[in-house]
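Fold and geometry: a report
Each chain is listed here by its residues.
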Amino acid sequence: MKPTISLVMIVKNEEAVLKRCLDSAVENVDEIVIVDTGSTDRTKLIAADYKAKIFDYQWNHNFADARNFALEQSTTDWCMVLDADEFIINDCKDIINAFIADGPQIGRVKHTSKFTSKDGLNYEHCYISRIFPSYCRYVGNVHEQIQSDLPRVKLNVEIMHDGYMETQKHDRNIPLLQKAIEEHPDISYYYYQIAKEYRGLGDAEKEFNNLKKAYKLMDHKETISTSIIVNYMYSIISSGNLKEGLAVFNHEEKFMGHSSDFYFVSALFFLELMISDPRKYQSVLPNIEQLYKKALEIGDTGEEGNVRGTGSFAAHHNLGVLYESTGNIQRAIEHYKAAVVYNYEPSLTRLHEIVTQSCL
């Protein structure tokens, strides 16, 4: 008999995004379970349009409890979990069906988060356990995780997430993460997650302090190890704590040799270091060029923590800026053109400016 699968969600006031999410998933599942934690908008009406089974739940500030209540309402063999600010972006019905037919295991989907930085819109990739037998359960009051010894398999199911664009969720998540840290002060994961919340709020110093703790606690075996290291390097730059960066780079280069993100952020770090004291650090200029080239050699891998562009258009553009600053206009143009292939707007703008200036 063919195994069945439910879409299982917890929601609150998600009328702006729920339809997009359900449209992306409805053809992939046999049942939709929606648990509402107190909506005052049209969320439940939208869910009803999809013949969802809708249940009310009294929010108790614990995401695992709410998730597990929702899972208990499912009547299928398997469950797929999505948040309302997520949506599936690839054709994956056959992939899901083949996966659940193979027997008990946990599917880790490719999760792409959209976020803004000073460079504009960026996309970060990771893999998250979201498809599993319906008897599995969550632990953790926030950024909850499936607790299971079943094998975890990467699936070609792609989910887009734009929830980091919404600042109101930081006010909800930070107190929950602070509580989790009080209860589990030796777990790097919670410091990493709360640092991301502070990044979204633009608090560079709190982001740095929590990533520093996450970095010191990690043992390089966590799936988020590479993300902790890369984000720690970014926070070193944004918070101005440059003295920390050299030790991190020297200690982690071998471990991070697969990561275009690491070489990209390291190039940014050495540039900031040189700017902070040109006389002392002028010698690092060739290092910056080589680090961007290493990032390009690795390319955009789409692996855990990879930000789109660090192994392609963003590295090409920054090399263009570097060459232009040293007077090598021809090489700068070559790299700007390489970035333009990816429709990278800053490179297109800079190329136009160079052509305009050359005509004056």
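First, a word on scope: everything that follows refers to the structure included in this document. Being a predicted model, the structure only gives us computed values, none of them experimental.

**Looking at the side chain of Arg350**
Checked against the element boundaries, Arg350 lands in helix H15 (residues 345-359). According to the relative accessible area criterion, Arg350 is buried, its value standing at 18%. Those residues in contact with Arg350 that lie beyond four places of it in its chain are Glu324, Tyr336 and Gln357.

**Section: helix H9 (residues 245-252)**
Those residues of H9 that fall on the buried side of the exposure criterion are Gly245, Val248, Phe249 and Glu252. Looking straight down H9, one finds that the buried residues subtend no more than 95° of arc, so they occupy a single side. Opposite the buried face of H9, at more than 90 degrees from it, the exposed residues are Ala247, Asn250 and His251. Its buried side turned inward, H9 meets helix H7 (204-217), helix H8 (225-239), helix H10 (260-276) and helix H12 (285-298).

**Focus: the packing of aromatic side chains**
Under the definition given, this model contains 14 aromatic pairs. Seen from their ring centres, Phe262 and Tyr263 are 5.7 Å apart, and the 70° between their planes marks the pair as edge-to-face. You'll find Phe262 and Tyr263 in the same group, each marked buried. Here the aromatic residues Phe249, Phe262, Tyr263, Phe269 and Phe270 are joined through ring pairs into a cluster of three or more. The lysine or arginine in question, Lys154, covers the ring of Tyr127, its NZ or CZ lying 4.5 Å from the ring centre.

Conventions adopted
Residues numbered from 1 in each chain as written. Predicted model: local features only at pLDDT ≥ 70, side-chain atom pairs only at ≥ 80, totals over all residues. Heavy atoms only, no water. Helix = DSSP H or I, 4+ residues; strand = E, 2+ residues; numbered from the N terminus. Buried < 20%, exposed > 50% of the residue type's maximum accessible area, 1.4 Å probe, protein only. Contact = heavy atoms within 4.5 Å. Arc of directions from axis to C-beta. Phe/Tyr/Trp six-rings, centres within 6.5 Å; stacked < 30°, edge-to-face > 60°. Lys NZ or Arg CZ within 6 Å of the ring centre and 35° of its normal.

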